[in-house]
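# Survey of secondary and tertiary structure
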Amino acid sequence: MTGVERTPETEAYAGLGDWTPESLDLPGEVRPVVSAPDQVLSRPGGEVDPTAEETVRLAADLVATMRVSPGCVGLAAPQIGVGAQVFAVDVTGHPKAVTVHGAFVLCNARVVEASRWKVAREGCMSVPDLTGDVKRASRLVVEGVLPGSGRSVRLVTDGFEARALQHEIDHCAGLLFLDRVAGAHAVYQRKVYL
């Protein structure tokens with residue numbers, strides 16, 4: 001899968017192309033991750049100007065924080081205390097990942113197609129002691145804007161990367177995975193391995 005589906009309807013969108021976090025031209029600062037019940041996690045984030053300096057800096061900070069956090073495959077602005085629709089994802093090297101777009105950041109992202117729903121276990125850095133079974137689309141089409149360039153993209157993905165994208169889009173909407181579980185029977189104490 002190339003990750004970008006080209007049809008007459010989507011020709012206006014380009015894939016990630018040569019965009020990488022290094023395109024932001026900023027080192028990024030590692031920021032503390034907030035935990036529930038911090039209120040920033042339960043409020044929808046505002047749309048951003050993807051070309052604004054503060055958005056580019058936020059994107060760089062998200063990537064820097066994600067990269068130093070073991071096991072982290074995604075991080076949204078509310079998780080570092082900023083109520084904005086910006087998130088980073090990188091499922092590279094994860095054993096469950098099939099489709100991988102590498103490390104990227106999206107602004108103002110939205111799901112435009114979702115299908116093949118499956119239940120799987122999720123965890124979150126902002127809910128460090130729990131995991132839960134969440135039903136999510138395993139095939140996904142997302143539209144968003146790349147920070148810095150302001151270029152619109154349309155990503156077609158599946159499986160684990162699709163789950164990670166939905167998880168981060170939920171954060172930007174003020175939702176945690178706990179808001180998506182079927183009930184208390186689908187929430188578990190996180191296992192700690194020595």
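Residues numbered from 1 in each chain as written. Predicted model: local features only at pLDDT ≥ 70, side-chain atom pairs only at ≥ 80, totals over all residues. Heavy atoms only, no water.

### Some details on the state of the cysteines
Evaluated as defined, the whole model comprises zero disulfides. Residue C107 stays outside any disulfide, its sulfur separated by 9.1 Å from that of C172, the closest cysteine. For C107, a relative accessible area of 0% corresponds to the buried category. (Disulfide = S-S within 2.5 Å. Buried < 20%, exposed > 50% of the residue type's maximum accessible area, 1.4 Å probe, protein only.)

### Examining the confidence of the model for the protein
Overall, the predicted model of the protein reaches an average pLDDT of 91, with 91% of residues at or above 70. Low pLDDT, under 50, characterises residues 1-12; the predicted model gives this stretch 19 contacts beyond four residues in sequence or across chains. (pLDDT = per-residue confidence, 0-100. Contact = heavy atoms within 4.5 Å.)

### A few points about the side chain of R136
Positionally, R136 belongs in strand β4 (residues 127-145). In this structure R136 comes out as buried when scored by relative accessible area, which is 3%. Within the local environment of R136, its side chain forms a polar contact with the side chain of E122, the two groups lying 2.6 Å apart. Polar contacts involving the side chain of R136 include one to the side chain of D170, which spans 2.8 Å. R136 has contacts with R116, W117, K118, E122, R163, Q166, H167, D170, F177 and R180, leaving out every residue within four places of it along the chain. (Helix = DSSP H or I, 4+ residues; strand = E, 2+ residues; numbered from the N terminus. Polar contact = N/O pair within 3.5 Å; in protein donor to acceptor, adjacent residues only side chain to side chain.)

### Observations concerning the environment of Q166
In this structure, Q166 sits in helix α2 (residues 159-172). On the accessibility criterion, Q166 (8% relative accessible area) is buried. Taking the C-alpha atoms as reference points, Q166 and F177, separated by 11 residues in sequence, lie 9.7 Å from one another.

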